[in-house]
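Examining the three-dimensional arrangement
What follows is the residue order along each chain.
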Amino acid sequence: MLQTSCPVLSLTAVAENVFLLVLDAPEIAPLVRPGQFLNVRIDETSDPLLRRPFSVYRTEGNRLELLFNVVGRGTHALAEKRKGDRLDVLGPLGVPFTLDDPGFTTAVLVAGGLGVAPMPITTRELLLKGKAVRTFLGARNKGSLVTTHLVQVEIATDDGSEGLRGTVVDLLERAFASGVPARPKIFACGPHPMLKAVAAFAVRFDIPCEVSMEGPMGCGIGICQGCPVELTNPAKKYALMCKDGPTFDARTIRW
Amino acid sequence: MLQTSCPVLSLTAVAENVFLLVLDAPEIAPLVRPGQFLNVRIDETSDPLLRRPFSVYRTEGNRLELLFNVVGRGTHALAEKRKGDRLDVLGPLGVPFTLDDPGFTTAVLVAGGLGVAPMPITTRELLLKGKAVRTFLGARNKGSLVTTHLVQVEIATDDGSEGLRGTVVDLLERAFASGVPARPKIFACGPHPMLKAVAAFAVRFDIPCEVSMEGPMGCGIGICQGCPVELTNPAKKYALMCKDGPTFDARTIRW
Amino acid sequence: MHAQSGGNLIRTSFRLGPVEFKNRVLVASGTFGYGDECVSAVDVNRLGGIVTKSLSLKPREGNPPPRIVETTGGMLNSIGLANIGVHRFVSEKLPFLRTVDTAVIANIAASTIEEYCAVLEILEGEEGIDAYEINVSCPNVREGGLNFGTSCPMTAEITKQLRGRTRRPLIIKLTPNVTHISEFARAVEDAGADAVSVMNTLIGMALDVRTRKPVLSTVTGGLSGPAVKPVALAKVYETARAVKIPVIGIGGITNGRDAIEFLLAGALAIQVGTANFVDPAAGIKVADEMKAYCAEQGIADMGSLVGALDARTGVSVLDSWL
Amino acid sequence: MHAQSGGNLIRTSFRLGPVEFKNRVLVASGTFGYGDECVSAVDVNRLGGIVTKSLSLKPREGNPPPRIVETTGGMLNSIGLANIGVHRFVSEKLPFLRTVDTAVIANIAASTIEEYCAVLEILEGEEGIDAYEINVSCPNVREGGLNFGTSCPMTAEITKQLRGRTRRPLIIKLTPNVTHISEFARAVEDAGADAVSVMNTLIGMALDVRTRKPVLSTVTGGLSGPAVKPVALAKVYETARAVKIPVIGIGGITNGRDAIEFLLAGALAIQVGTANFVDPAAGIKVADEMKAYCAEQGIADMGSLVGALDARTGVSVLDSWL
Ligand SMILES: Cc1cc2nc3c(=O)[nH]c(=O)nc-3n(C[C@H](O)[C@H](O)[C@H](O)COP(=O)(O)OP(=O)(O)OC[C@H]3O[C@@H](n4cnc5c(N)ncnc54)[C@H](O)[C@@H]3O)c2cc1C
Ligand SMILES: Cc1cc2nc3c(=O)[nH]c(=O)nc-3n(C[C@H](O)[C@H](O)[C@H](O)COP(=O)(O)OP(=O)(O)OC[C@H]3O[C@@H](n4cnc5c(N)ncnc54)[C@H](O)[C@@H]3O)c2cc1C
Ligand SMILES: Cc1cc2nc3c(=O)[nH]c(=O)nc-3n(C[C@H](O)[C@H](O)[C@H](O)COP(=O)(O)O)c2cc1C
Ligand SMILES: Cc1cc2nc3c(=O)[nH]c(=O)nc-3n(C[C@H](O)[C@H](O)[C@H](O)COP(=O)(O)O)c2cc1C
Ligand code: FES
Ligand code: FES
């Protein structure tokens, strides 16, 4: 984990309310593994006080890319940044997705909303490892979709403005109904109810599944105990989302 | 008193650490009288929480100009504003300088540091009223001087890099030693110790003197009682800087 | 009073004894003067009520400057109850307040119980006052300056004495600087109060490291503003569960969401304080945003939100291991 | 320890009984784990000391999520004292802590007096612990969950029992949620404490207006961060004037200026808490900025600042009319 001040290289709107932030981060970028996140200090004031966590979207050399949604005051202020502004970044943080696992040949990426954020960096790594990749995206509507740097993309939207009208789990059901990929493993990221549904789906099909979880964080580095995730393990009730996650084997989570 | 949201027309550095902020304020600008101030909300966050008061530097049609020094987090954030950003402004506030007073023919403007801020709008009004104007400016050094829109300017700097080496009161002493202007009245603005010295000077020469005071404000509009100025009046111990001032007859103040 | 919002009629009004308030947003004592200062910028008739600056028997000059200092997300004040005194209030301010179409609550401060009574009795003789709010966060000169409000018996005694002298609604404004605010609320309920206001300011302090002096002339002062909101909410919640009389919530409210939080925690109505300094129209905006929230949530009577907190866990305030 | 700063040698160290602290900045309990988590990002040897997460006799899982929520200028937490328990602390964390060149203070939490004693006795058998800090903001299971720290006799009794069991410096960490914190400080001073830490978190609450539920699973939680700094300073000031034992100042400290304010108000040393979450190196930055302040002001011994507040007015905390 490093702490560095990173200049903004660019900030662009890529979809409805979705921004791509590119930072120059020569120390951090090369270290990032797919599924890891950054904890970003929005500005020097005390409002907002705490850092905000964001998955890494992509890296390229020294470039560190984040994709974010404007939901509250932190992301609102982040969307006001301009080229040359500097951001204090902690990272890379957390446990990456387990992509090395020889037990699978097809990675099934499942993302709901901004859960798409960690998928491009994950896709690149999977392809480098010679895995097949299929991508299932769910979004509110066509305007909020971000499909770049992904492969084999299938889409579901709540309003049917693009792809299937329904949830990404409906999409998954349909796809698997017409044929389960060879030795699959699911990597999912999105809102909690979606992850829960994907986890249940994976159990039903007996497919290994890793999820990347979201929730409030205090520190992002394991010192505040503020981010418990409830486990099924009777001996250990909680894991820390920031340190033991954000990626977890879906079966270890009490949904 | 009005409350309006004013777009920034421009923000320019005009001296060391000194910025000129021009707002588009069609409702407020035409109402401003020399010596009045505005109470500006820096941004929508709670840090800083309170508004910041600034004298009006100049108006021109709908243009409202402020001159400010970066001293803390509020003015720091203000200096980051860009064209098109909007500021929530309360104004015009406070009691203006009494320029109508038939008892004087020469206005002696005395400003220390950013005390120069209300002088251009005051100068214009005085000239329109057919008064003679002499201006005495004190500053730390040449780099921090702002002399535009003023007339008959004499200068003192702490380090002697421009004009007299010394304080603006030294300058005043010298000027008056070589001849007191005809029927003068002093209008002074600057740090408290300087105003105190100017007030003493005015008493010594028996010249009418109005001062524009500075200090912490809560509301700027007379509802918090947070800005007392101690008076010599035995019947009324305090006046409110924001409502009864910021301009006061120097003899009414307990220095 | 019914307000049209998003196509729905939303009931915003409430009653306290005989008094009907048109909405649940009052402006807090000491943060809106006597109601006449903001007239040009704010339509006071759109407020639920105006609580006056604390009135004392004699005019009070207040404390020497500096009286205020900004802190992170809040401010400290030591105004020293600067006010024009009850007599000038009656002659100079009340005539205007009688003309406004909103409830007027006279806030009373004093340094002896007799003085509290004297101020109230003067106001009793006047029309145009809908209720009293009693500021007990005042030093008791008889007890070496010890704050009335931190002594439960004293607070109850003030209430009892004033109760015997008025039939107008009597609201006791409690200080948060005590271990169990609910004990004080119960004591004033027993002594006949019609409601409690929760809360006054927290004791705080700021120093100037350059001069090594306290920033405020009185060394400590009262902390208010968004920074204190979580404390105020917890105090309202504690109080509302302890008494049957209504609680008026105060502390750091700046928007409609904040206000709804207080209602859910058990407040019948709320007061907007420091936010008025940031925006003189804050009270009206809060009222509008509360209505918008109700419209959005399909709530027809805002009163249904009072105490409607869904405390899913059984854990109580005191069980929680902080 | 002398630090070179701006060409001057500045004495930053201080002693508490037998223990020498290299500077006046400690990291607060619960905000720096067990000292090993931040190692890669922070040189802990540059801190004056590390206060561990509160240790209980048995491991504690902590409260259900959500455990934290941001508030204006601060945060609420209800971690529930999640910790690995004193035994695993001794076997897994203490070996590392023995290798660091900074003071180690073990913070103890418990739900009975016996448990406080048991944890302390286990730690007494171990090298590498320089002092104890006792977290009395814990529910007392024997008294229906009433907080130990809000009962003066209980707080004194804990102190007395622990004092009889150790010669290491014993620091009692007081809760601010009481009317007069100085009474508690005097009581623990009389019971043999070597110092008091002021303060733990303020009780606060936040609600989600969409779900109408408390944000925290425990309904209320502890407020910390810059928002509480003015309250903490006032509590430190009140305490330092009431007792002779040293006061360690805690609450909202984020920079050197804040820390100096606490020293001037009477704190011998300070702890940095929530600021560590914003910047894991906050403690070190605070220490550096304190030195820079001393260099600028020509102060050779930082200790000369302790209590060096120039309270120009004679007005005391209680005289001030808020
Ligand atoms: C490991 C991790 C990775 C993340 N990656 C991304 C990402 O790549 N892109 C992205 O846009 N967002 C991501 N998030 C979510 C992001 O951190 C939140 O959207 C952000 O913190 C909201 O900040 P705010 O100040 O704008 O909102 P706030 O004003 O703090 O809150 C606004 C709303 O968002 C909710 N919220 C706040 N924090 C979170 C959170 N951490 N998770 C979920 N909801 C929250 C609040 O409950 C509230 O309803 C991630 C979160 C985690 C924990
Ligand atoms: C009626 C009036 C008119 C003013 N006109 C101008 C003007 O035209 N141009 C200009 O640059 N400034 C003017 N000021 C001062 C200006 O308001 C302050 O510089 C500003 O509020 C500081 O905000 P900040 O957040 O940057 O500083 P803060 O972080 O709040 O404080 C930084 C430092 O400035 C001091 N300070 C804070 N507020 C004031 C204040 N109101 N007066 C004096 N010192 C203060 C603090 O004590 C501290 O030492 C005026 C003040 C008043 C009362
Ligand atoms: C400048 C100022 C003056 C105040 N004066 C009084 C007063 O005279 N009487 C009183 O009962 N409360 C007074 N208060 C307390 C407020 O009414 C309110 O209880 C407190 O500020 C908390 O609310 P807030 O956070 O919304 O400001 C004052 C508060 C401020 C900030
Ligand atoms: C997330 C969190 C966990 C905490 N855990 C403990 C604890 O275990 N024991 C304790 O004595 N204090 C604990 N505290 C209180 C802090 O040590 C400190 O007293 C308080 O946060 C005020 O300081 P601050 O404003 O600098 O954070 C905790 C605080 C926070 C924010
Ligand atoms: S966010 Fe602090 S421990 Fe996970
Ligand atoms: S600043 Fe509020 S009364 Fe003057």
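Residues numbered from 1 in each chain as written. Chains lettered and ligands numbered in written order. Predicted model: local features only at pLDDT ≥ 70, side-chain atom pairs only at ≥ 80, totals over all residues. Heavy atoms only, no water.

**Brief notes about the overall build of chain A**
Scanning chain A from N- to C-terminus turns up 4 helices and 16 strands. Counting only C-alpha atoms and orienting by the principal axes, one finds that chain A spans roughly 50 × 45 × 35 Å. Counting over 255 residues, chain A shows a buried share of 56%. Considering only contacts in chain A between residues 6 or more positions apart, those separated by 24 or more positions represent 63%. Summed over its atoms, the accessible surface of chain A is roughly 10100 Å², and 52% of this surface lies on carbon and sulfur atoms. For chain A, the distance from the average position of its 28 positive side-chain charges to the average position of its 26 negative side-chain charges is 2 Å. (Helix = DSSP H or I, 4+ residues; strand = E, 2+ residues; numbered from the N terminus. Buried < 20%, exposed > 50% of the residue type's maximum accessible area, 1.4 Å probe, protein only. Contact = heavy atoms within 4.5 Å. Areas by Shrake-Rupley, 256 points an atom, 1.4 Å probe, with all protein chains shown as cover. Lys, Arg positive; Asp, Glu negative; His and termini not counted. Charge placed at Lys NZ, Arg CZ, Asp CG, Glu CD.)

**Some details on the sheet that holds strand E9 (residues 132–139) of chain A**
To summarise the sheet geometry, strands pair through backbone hydrogen bonds and adopt either a parallel or an antiparallel arrangement. Residues and elements named next belong to chain A. Strand order in the open sheet formed by 7 strands is E11-E10-E9-E8-E12-E13-E16, with mixed pairing between adjacent strands. Of all the strands in the sheet, the pair left with one neighbour each is strand E11 (164–165) and strand E16 (247–249). Summarising the sheet, strand E10 (residues 153–157) and E11 pair through 2 bridges and their orientation is parallel. Bridge pairing in E11 links Thr-157 to Arg-165. Helix-sheet contacts for helix H2 (residues 119–128) involve strand E8 (106–112), E9 and strand E12 (184–189), and the interaxial angle to E8 is about 175°. Here helix H4 (residues 192–205) sits on the sheet in contact with E8, E12 and strand E13 (209–212), set at roughly 170° to E12. (Pairing = 2+ DSSP bridges. Axes fitted to C-alpha atoms, helices over the stretch in contact; angles between N-to-C directions.)

**Brief notes about H2 of chain A**
All names here are of chain A. The buried fraction of H2 amounts to 7 of the 10 residues, a majority that puts the element mostly inside the structure. Against strand E5 (58–60), E8, E9 and E12 lie the buried residues of H2. Positive backbone phi, at 80°, marks Gly-130, one or two positions downstream of H2.

**Re the interface of chain D and chain C**
Taken residue by residue, the interface counts 74 residues in chain D and 74 residues in chain C. Taken over both partners, the interface formed by chain D and chain C buries close to 6300 Å², and the fraction arising from carbon and sulfur atoms is 66%. There are 2 salt bridges connecting chain D and chain C. Linking chain D to chain C there are 9 residue pairs in polar contact (both at pLDDT 80 or more). Breaking the side of chain D that touches chain C down by element, the ones donating at least two residues are strand E8 (74–77), strand E15 (202–205), strand E17 (213–214), strand E18 (220–224), helix H5 (229–240), helix H6 (256–265) and helix H8 (282–297) of chain D. (Buried area = accessible area lost by both parts, 1.4 Å probe. Salt bridge = Lys/Arg side-chain N within 4 Å of Asp/Glu carboxyl O. Polar contact = N/O pair within 3.5 Å; in protein donor to acceptor, adjacent residues only side chain to side chain.)

**Details of the environment of Tyr-293 of chain D**
In this structure, Tyr-293 of chain D sits in helix H8. Taking relative accessible area as the criterion, Tyr-293 of chain D reaches 8% and is therefore assigned buried. In this structure the C-alpha to C-alpha distance between Tyr-293 of chain D and Lys-22 of chain D, which are 271 residues apart in sequence, comes to 17 Å. In this structure Tyr-293 of chain D touches Val-209 and Arg-212 of chain C together with Ile-260, Ile-299 and Leu-305 of chain D, once residues within four positions along its chain are discounted.

**Focus on the pairing of strand E19 (residues 247–250) of chain D**
Residue and element names in this part refer to chain D. What you see with E19 is no split at all: Val-247 and Gly-249 on one side and Ile-248 and Ile-250 on the other are buried throughout. Two strands pair when backbone bridges link them, and strand E14 (residues 195–198) and E19 are joined in this way by 3 bridges, in the parallel orientation. Directly across from Ser-197, in E19, lies its bridge partner Ile-248. Handedness of the β-α-β unit built from E19, H6 and strand E20 (residues 267–272) comes out right-handed. (Right-handed = clockwise from strand over helix to strand, strands pointing away.)

**Digging into the site of ligand 4**
Neighbouring ligand 4 are 24 residues; Ser-29, Ser-54, Lys-173, Gly-252 and Thr-274 of chain D lie closest to it. Surrounding ligand 4 are residues belonging to chains A and D, so the site spans chains. The side chain of Asn-107 of chain D places a nitrogen or oxygen atom 3.2 Å from an oxygen atom of ligand 4. In this structure, Met-199 of chain D approaches ligand 4 through a main-chain N or O atom, which is 3.0 Å from an oxygen atom. In isolation ligand 4 exposes 600 Å². Once the protein is present, 99% of that is buried. Residues that form the shell around ligand 4 fall into these classes: 7 nonpolar, 15 polar and 2 charged. (Near = heavy atom within 4 Å. Nonpolar A, V, L, I, M, F, W, Y, C, P; charged D, E, K, R; others polar.)

**Observations regarding the site of ligand 2**
Residues and elements named next belong to chain B. The environment of ligand 2 is formed by 21 residues, the closest being Arg-52, Pro-53, Leu-67, Gly-74 and Thr-75. In this structure, Ser-55 approaches ligand 2 through a main-chain N or O atom, which is 2.9 Å from a nitrogen atom. Between ligand 2 and Arg-73 there is a distance of 3.4 Å, counted from an oxygen atom to a backbone nitrogen or oxygen. Going through the elements one at a time, strand E4 (52–55), strand E6 (63–69) and helix H1 (73–78) are the ones with two or more residues in the shell around ligand 2. With 4 residues, the top contributor of residues to the shell around ligand 2 is E4.

**Observations regarding the pairing of E12 of chain A**
All names here are of chain A. Among the 6 residues that make up E12, 6 are buried, leaving the element largely enclosed by the rest of the structure. Side chains of E12 alternate between two faces, with Pro-184, Ile-186 and Ala-188 and Lys-185, Phe-187 and Cys-189 buried alike. As judged from the 6 bridges shared by E8 and E12, these two strands associate in the parallel manner. If you follow Ala-107 over to E12, its bridge partner there is Lys-185. Relative to E13, E12 runs parallel, the two being bridged by 4 bridges. Residue pairing in the sheet places Ile-186 in a bridge with Cys-209 of E13. Read as a crossover between parallel neighbours, the route from E12 over H4 to E13 is right-handed.

**A word on the sheet that holds strand E18 (residues 267–272) of chain C**
The sheet built from 8 strands closes into a barrel, its strands ordered E5-E6-E9-E10-E11-E12-E17-E18 (chain C) with parallel pairing. For this sheet, the mean angle separating the axes of adjacent strands, direction not counted, is 25°.

**Here's the deal with the packing of helix H3 (residues 168–177) of chain B against helix H4 (residues 192–205) of chain B**
All names here are of chain B. In contact at an axis separation of 10 Å, H3 and H4 are set at 20° when each is read in the N-to-C sense. One finds that H3 runs roughly parallel with respect to H4. Judged by the sense of rotation from one axis to the other, the crossing of H3 with H4 is right-handed. For the pair H3 and H4, contact is made by Val-168, Val-169, Leu-172, Glu-173 and Phe-176 and by Met-194, Ala-197, Val-198, Phe-201, Arg-204 and Phe-205, respectively. For the contact of H3 with H4, a count of residues per class yields 9 nonpolar, no polar and 2 charged. (Parallel < 35°, antiparallel > 145°, perpendicular 65-115°, else oblique. Left-handed = near helix turned anticlockwise from the far one by under 90°.)

**A short note on unusual backbone geometry**
Here Gly-91 of chain A and Pro-92 of chain A are connected by a cis peptide whose omega angle stands at -10°. Checked against the element boundaries, Pro-92 of chain A lands in strand E7 (residues 86–93). Between Gly-245 of chain B and the following residue, Pro-246 of chain B, the backbone shows a cis peptide bond with an omega angle of 10°. Locating Pro-246 of chain B in the fold gives a position in the loop between strand E15 (238–240) and strand E16 (247–249). Non-glycine residue Gln-225 of chain A carries a positive phi angle of around 60°. On the secondary structure map, Gln-225 of chain A appears in the loop between E13 and strand E14 (228–230). The backbone of Val-219 of chain C sits at a positive phi, close to 70°, despite the residue not being glycine. Take Val-219 of chain C: it is sitting in the loop between strand E15 (213–214) and strand E16 (220–224).

**As for the confidence of the model for chain C**
In the predicted model, chain C carries a mean pLDDT of 92, and the fraction of residues at 70 or more is 94%. Across residues 314–322 of chain C the pLDDT falls below 50, and counting only partners more than four positions away or on other chains, this stretch makes 33 contacts in the model. (pLDDT = per-residue confidence, 0-100.)

**Things to note about the packing of aromatic side chains**
Per the stated rule, a full pass over the model turns up 20 aromatic pairs over all chains. Between Phe-176 of chain A and Phe-201 of chain A, the aromatic rings sit 5.1 Å apart at their centres with planes inclined by 80°, giving edge-to-face as the arrangement. Within this pair, whereas Phe-176 of chain A is found in helix H3 (residues 168–177), its partner Phe-201 of chain A is found in helix H4, the two being separated by 25 residues in sequence. Given the relative accessible area of 3%, Phe-176 of chain A is considered buried. A centroid spacing of 5.5 Å and a plane angle of 75° characterise the contact between Phe-176 of chain B and Phe-205 of chain B, whose relative ring orientation is edge-to-face. (Phe/Tyr/Trp six-rings, centres within 6.5 Å; stacked < 30°, edge-to-face > 60°.)

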